[in-house]
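Here are the chains, one letter per residue:
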Amino acid sequence: MRKQIAAANWKMNCTLQQAEELLTKLSTATVNTTENKISIIGVPAPYLLLAKDKLKNKANFYIAAQNCYTKKSGAFTGEISAEMLHSMQITHVIIGHSERREYFNESNTTLAEKVNIALEYALTPIFCCGEALEIREANNQNSFVENQLKESLFHLSVEQILQVVIAYEPIWAIGTGKTASNEQAQEMHQHIRNVLANKYGKEIAEQISILYGGSVKGSNAADLFAQNDVDGGLVGGASLNAEEFTTIINAL
Ligand code: PEP
């Protein structure tokens, strides 16, 4: 049975005091998580250990970094390595968010290297893919996303791909308040699962969690998550409000 996941991406938000407050609220929230219904909190790097500590008694909660570098260690000022995250017992890392692809020029090839090093250090990559508005308007979204998956993930073995979580995030829906319809989300998630099945076989594809991201809120989460191939969400803006994010977790 594949995992259902509510993942938060705080992006570059929150002062230390705000982070403490948000984490305290999450630590006392009433959530219906289980081993197969989990929550992952993607915080800015300076707050990783704080988040780990604050949520240490919260069952089925994990902490994610929002990025890691392609190299193990060395003269790469300002970067964060997978080895460091592993040594801090961080379990997940977001890789290939569209903001990193756009503002930090991360290519599919670079992202393949990041996925490799994350897996080498036992981190679960939450691999983001998704098309811009022009691509959707030209109806090229399926081949575009397929290419992102092929170029960054398809060198992985069966054992490795089973460690990856995929997040489909149409760029036109991120931070815009414009959510993909339930049908648009299901259609793309089914396409992603078919692409995975063609490469790795149906049985493997059925075990990979595919999250939807793009203006998920407390009010639309349940309908999105009810789609057959939508296994939860990667949530930006709404994850900065503990009550709203709790509603999203409980919509799994
Ligand atoms: C995101 O940053 O991954 C995201 C989906 O943002 P938002 O929920 O704010 O659209």
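All values reported here derive from a predicted model rather than from experimental measurement.

Caption draft 1: Quick look at the overall build of the protein. When you go through the protein residue by residue, the secondary structure sums to 12 helices and eight strands. In terms of overall dimensions, the protein is globule-like: its C-alpha atoms have a radius of gyration of 17 Å, near the 18 Å expected for 252 residues. Along the first, second and third principal axes, the C-alpha atoms of the protein reach 45 × 45 × 35 Å. For the protein, with 252 residues in total, the buried portion stands at 54%. Restricting to contacts in the protein with at least 6 residues of sequence separation, those with at least 24 account for 73%. About 11300 Å² of surface is accessible on the protein, with carbon and sulfur atoms providing 48% of the total.

Caption draft 2: Summary view of the packing of aromatic side chains. For the structure on display, the rule yields three aromatic pairs. Both rings, one in F154 and one in Y200, keep their centres 5.7 Å apart while their planes meet at 90°; by these two values the pair is edge-to-face. Here the residue F154 occupies a position in the loop between α7 (141-153) and α8 (158-161), and Y200 occupies one in helix α9 (residues 182-200), the gap between them amounting to 46 residues. For the pair shown, F154 and Y200 are each scored as buried. Ring centres 6.4 Å apart and planes at 55° place the aromatic pair Y168 and Y212 in the tilted group. With Y168 in strand β6 (residues 165-168) and Y212 in strand β7 (residues 210-213), the pair connects residues that are 44 residues apart, well separated along the chain.

Caption draft 3: Layout of the site of the ligand. Contacts to the ligand come from 14 residues, most closely from K11, E169, G175, S215 and G236. H97 is positioned with one of its side-chain polar atoms (N or O) 2.9 Å from an oxygen atom of the ligand. In this structure, an oxygen atom belonging to the ligand sits 2.8 Å away from a main-chain N or O atom of G237. Here the ligand, which alone exposes 300 Å², has 95% of that area covered by the protein. For the shell around the ligand, the class distribution of residues is four nonpolar, eight polar and two charged.

Caption draft 4: Quick look at the sheet that holds β7. Ordered by their spatial adjacency, eight strands build a closed barrel running β1-β2-β3-β4-β5-β6-β7-β8, and the pairing between neighbours is parallel. With direction set aside, neighbouring strand axes in the sheet form an average angle of 25°. Of the pairings in the sheet, the one linking β7 to strand β8 (residues 232-235) comprises two bridges and is parallel in character. Directly across from Y212, in β8, lies its bridge partner G233. Its contacts with the sheet put α7 on β5 (124-129) and β6, and the angle it makes with β5 is roughly 145°.

Caption draft 5: Seen up close, the pattern of salt bridges. All chains considered together, the criterion is met by 13 salt bridges. Among the salt bridges present, the one from D231 reaches R2, with a minimum N-O distance of 2.7 Å. Of this pair, D231 sits in the loop between α11 (221-225) and β8 while R2 sits in the segment before β1 (4-9), and the two are 229 residues apart along the sequence. You can call R2 buried: its relative accessible area is 13%.

What counts, and where the lines are drawn
Positions within a chain are numbered from 1, following the residues in the order the chain's sequence is written. Totals for whole chains, interfaces and linings use all residues, but because this is a predicted model, local features are given only for residues with pLDDT of at least 70 and pairs of side-chain atoms are given and counted only at 80 or more. Excluding hydrogens and water, the side-chain figures rest on all heavy atoms present in the structure. Think of it this way: any DSSP run of H or I at least four residues long counts as a helix, any run of E at least two long counts as a strand, and we number them from the N terminus. Every radius of gyration here is taken over C-alpha atoms, with the globule rule written as 2.2 Å times N^0.38, N being the number of residues. Summary of the burial criterion: residues with accessible area below 20% of their type's maximum are buried, those above 50% are exposed, and those between are partly exposed, where the area comes from a 1.4 Å probe applied to protein chains only. Two residues qualify as a contact provided that any one of their heavy atoms is within 4.5 Å of a heavy atom in the partner residue. The accessible surface values rely on the Shrake-Rupley method and a 1.4 Å probe; as for residues, cover is taken only from the protein chains in view. Any Phe, Tyr or Trp ring, taking Trp's six-membered ring, that has another such ring centre within 6.5 Å forms a pair; planes under 30 degrees apart are called stacked, those over 60 apart edge-to-face, and the others tilted. Think of it this way: one heavy atom of a residue within 4 Å of a molecule or strand is enough to make that residue near it. For this analysis, a polar contact is any N or O atom pair within 3.5 Å, provided that within protein one partner can donate a hydrogen and the other can accept it, and provided that sequence-adjacent residues contribute only side-chain to side-chain pairs. Ten residue types, Ala, Val, Leu, Ile, Met, Phe, Trp, Tyr, Cys and Pro, are classed as nonpolar, four, Asp, Glu, Lys and Arg, as charged, and the remainder, Gly among them, as polar. At least two DSSP bridges between two strands are needed for those strands to be called paired. Axis definition: a line fit to C-alpha positions, over the contact stretch in the case of helices; interaxial angles, taken between N-to-C directions, run 0 to 180 degrees. When a carboxyl oxygen of Asp or Glu is within 4 Å of a side-chain nitrogen of Lys or Arg, the pair counts as a salt bridge.

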